Amino acid sequence: MARSLNEWLWQHEFWLPPGITWQDMQESEDIRYPQPRDLLLSIPFALILVVIRCAFERAIALPLSSKLGVRDKQRPKAQPNPTLETFYSTRCKNPDESELIRLAKQCDLPLRKVERWFRRRRNSDRPSLSKKFCEACWRFTFYITAFLTGLAVLYDKPWLWDHRECWTGYPQQPLQPSLFWYYLLELSFYWSLVFTLPFDVKRKDFKEQIVHHAATIFLISFSYCANYIRIGTLVMVIHDASDCFLEPTKIFNYMKWKKTCDSLFMIFSAVFLISRLVIFPYTVLYNTYYYSMEIFQPFFGYYFMNALLIILQLLHVFWSCLIIHMVCKFLLQGTV
């Protein structure tokens, strides 16, 4: 049954332009095409990145946070109380008033002391500034590395300058080693983020982060398997451009360098809005929707890829609205 499903899923009519079959995509000694099995390498490479990250945060980021004056707040600890601890761990971390009254009677404590206990217990679970600083340092190091790698890989590629070249010869576009390693770097990083989610700082958008990482892994994997690698490289380098400014903004925020933080936030906002609302629609959306039709007729993979990119652009619009709101607040109130 699994074999039949796999054969049905990978019908050439779904993923290849009319007139092209999987037989036309056979590798030879001189020509190599993307193969789904290649993506399995991203798992061990992701584990290597996790090890590198742990070493980086311990040996570089943490000492750097101390030298730059990032200080963790000294919070009073909650007194040991098995009953309240059990309720906190298994039931609720922020009980309502009726539950607080019941717990106060059960522990024979004043209501204010029970409220204070839960407040201190919640504060003790809050991540320290140094941990946030280390995470931001690691992500900044990766994003700047990935962005520069993308530029180094693409600067001599014709499709970076002439977007019609993304479709010349498609889908029979040989896989170059530099493109393979660039893809592997990006995919491995997002797998490493999935592996470390239980240990990373849990922010308010934790669920959204899971969805984001899963969607990113799926998009990168799909574009590789269907040989949309030229478009995929453009998408990745465009996204990494703004992320290079987001993480240092967080770093300077943790350092309490307000003016530097605010300046970087404005730069990040400008780069994000230009790259996601101007460059991405023209370089990617218009490219995949219009230029590709000069080479082949529409097929299922064409519609599927465009649908995914449009969904991504809708997310860009959503995030851009939030950023514009923050920029307006900054200009009116002088703070973010």
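Residues numbered from 1 in each chain as written. Predicted model: local features only at pLDDT ≥ 70, side-chain atom pairs only at ≥ 80, totals over all residues. Heavy atoms only, no water.

**Topic: the overall build of the protein chain**
Stated precisely, the cut-off is as follows: We count a stretch as a helix when DSSP gives it H or I for four or more residues in a row; a strand needs E for two or more, and each element gets its number in order from the N terminus. Classification of residues uses two cut-offs on accessible area relative to the type maximum, computed with a 1.4 Å probe and protein chains only: under 20% is buried, over 50% is exposed, and between them is partly exposed. Only heavy atoms matter for contacts: two residues are in contact if any of them lie within 4.5 Å across the pair. Accessible areas in this description were obtained via Shrake-Rupley with a 1.4 Å probe; residue shielding takes into account the shown protein chains only.
Of regular secondary structure, the protein chain possesses 13 helices and 0 strands. Across the protein chain, helices and strands are ordered from the amino to the carboxyl terminus as α-α-α-α-α-α-α-α-α-α-α-α-α. For the protein chain, buried positions account for 42% of its 336 residues. If you take every contact in the protein chain between residues at least 6 apart in sequence, the share linking residues at least 24 apart comes to 78%. Carbon and sulfur atoms form 64% of the exposed surface of the protein chain, whose accessible area is close to 19,300 Å².

**Considerations on the UniProt feature "transmembrane region" (unreviewed entry) in the protein chain**
Quick note on the threshold: UniProt positions are given in the numbering used here, feature names are shortened, and annotations may be inferred rather than shown by experiment.
Residues given the UniProt feature "transmembrane region" (unreviewed entry) here are residues 136–155, 180–199, 264–284 and 304–332. Within the segment residues 136–155, helix and strand shares are 95% and 0% respectively, and the terminal C-alpha atoms sit 28 Å apart. Along residues 180–199, the helical share is 85% and the strand share 0%, with 30 Å between the first and last C-alpha atoms.

**As for the nonpolar core**
The condition is simple: Grouping buried Ala, Val, Leu, Ile, Met, Phe, Trp, Tyr and Cys residues that are joined through side-chain atoms within 4.5 Å yields what is termed a nonpolar core.
Counting 60 residues, the largest nonpolar core has W167, F189, Y228, F280 and V284 as its most contacted members. Those elements giving two or more residues to this core turn out to be α3 (42–67), α7 (129–154), α9 (177–196), α10 (206–225), α11 (229–254), α12 (258–289) and α13 (300–333). Other than its neighbours up to four places away in sequence, Y228 contacts W167, Y170, Y183, F222, S223, F299, G301, Y302 and M305. Ranked by size, the runner-up nonpolar core spans 10 residues in total, among them F87, L103, C107 and F118.

**Thoughts on the state of the cysteines**
Our working definition: Cysteine sulfur pairs qualify as disulfides if the two atoms are within 2.5 Å.
In the structure shown here, the tally under the stated rule is 0 disulfides. Here C134 is not cross-linked by a disulfide; its sulfur's nearest cysteine counterpart is in C137, at 6.5 Å. For C134, a relative accessible area of 6% gives the class buried. You can see C225 has no disulfide; the closest cysteine sulfur is in C166, sitting 18 Å from it.

**With respect to the pattern of salt bridges**
Selection criterion: Salt bridges are defined by distance alone: a side-chain nitrogen of Lys or Arg within 4 Å of a carboxyl oxygen of Asp or Glu.
With the rule as written, the count across this model stands at 7 salt bridges. Ionic pairing is found between K250 and E247, a salt bridge with its closest N-O pair at 3.6 Å. Pair noted here: K250 and E247 are both in helix α11, with a separation of 3 residues, about one helical turn. Residue K258 pairs with D262 through a salt bridge whose shortest N-O separation is 2.8 Å. Highlighted residues: K258 and D262, both in helix α12, separated by 4 residues, approximately one helical turn.

**A word on a positive patch on the surface**
So the rule is basically this: To count toward a patch, a residue needs a relative accessible area above 30% and no salt bridge. Like charges then connect within 9 Å, nonpolar side chains (Val, Leu, Ile, Met, Phe, Trp, Tyr) within 5 Å. A positive count includes Lys and Arg, and a negative count includes Asp and Glu. His and the chain ends are not counted in either. Taken as the charge centre is NZ of Lys, CZ of Arg, CG of Asp or CD of Glu, depending on the residue.
Taken together, the side chains of R112, K113, R116 and R119 define a basic patch exposed on the protein surface. One can find R119 in helix α6 (residues 111–125).

**Quick word on the side chain of D262**
Assessed through its relative accessible area of 11%, D262 is described here as buried. Once residues within four sequence positions are removed from consideration, D262 is found in contact with F330 and G334.

**Some details on the packing of aromatic side chains**
The criterion, for reference: Between 30 and 60 degrees the pair is tilted, below 30 it is stacked and above 60 it is edge-to-face, where a pair is any two Phe, Tyr or Trp rings, Trp via its six-membered ring, whose centres lie within 6.5 Å. Over a ring means this: the NZ of a Lys or the CZ of an Arg is within 6 Å of the ring centre and within 35 degrees of the ring normal.
As enumerated under the stated definition, the model contains 28 aromatic pairs in all. Relative to Y291, the ring of Y286 has its centre 5.3 Å away and its plane inclined at 80°; by these criteria the two rings are edge-to-face. Exposure remark for Y286: the relative accessible area of 37% places this residue in the partly exposed category. A relative accessible area of 9% means that Y291 is categorised as buried. Following the ring pairs from residue to residue traces out a cluster consisting of W167, Y170, F218, F222, Y228, F296, F299, F300 and F304. Taking NZ or CZ as reference, R32 lies 4.8 Å from the ring centre of F180, over its face.

**Focus: the packing of helix α4 (residues 82–90) against helix α5 (residues 97–107)**
Using the following cut-off: Every axis in this analysis is a line fitted to C-alpha atoms, fitted for helices over the stretch in contact. Angles between the N-to-C directions lie between 0 and 180 degrees. Here is the rule for angles: anything less than 35 degrees is roughly parallel, anything more than 145 is roughly antiparallel, 65 through 115 is roughly perpendicular, and the remaining ranges are oblique. Following the grouping adopted for this structure description, the nonpolar residues are Ala, Val, Leu, Ile, Met, Phe, Trp, Tyr, Cys and Pro, the charged ones are Asp, Glu, Lys and Arg, and the polar ones are all others, Gly among them.
Contact pair α4 / α5: the axes reach a minimum separation of 10 Å and the direction vectors enclose 150°. Judged by the angle between their axes, α4 and α5 are roughly antiparallel. Taking contact as the criterion, the partners of T83, L84 and F87 in α4 are, on α5, E99, R102, L103, Q106 and C107. In terms of residue class, the contact of α4 with α5 is made up of 4 nonpolar, 2 polar and 2 charged.

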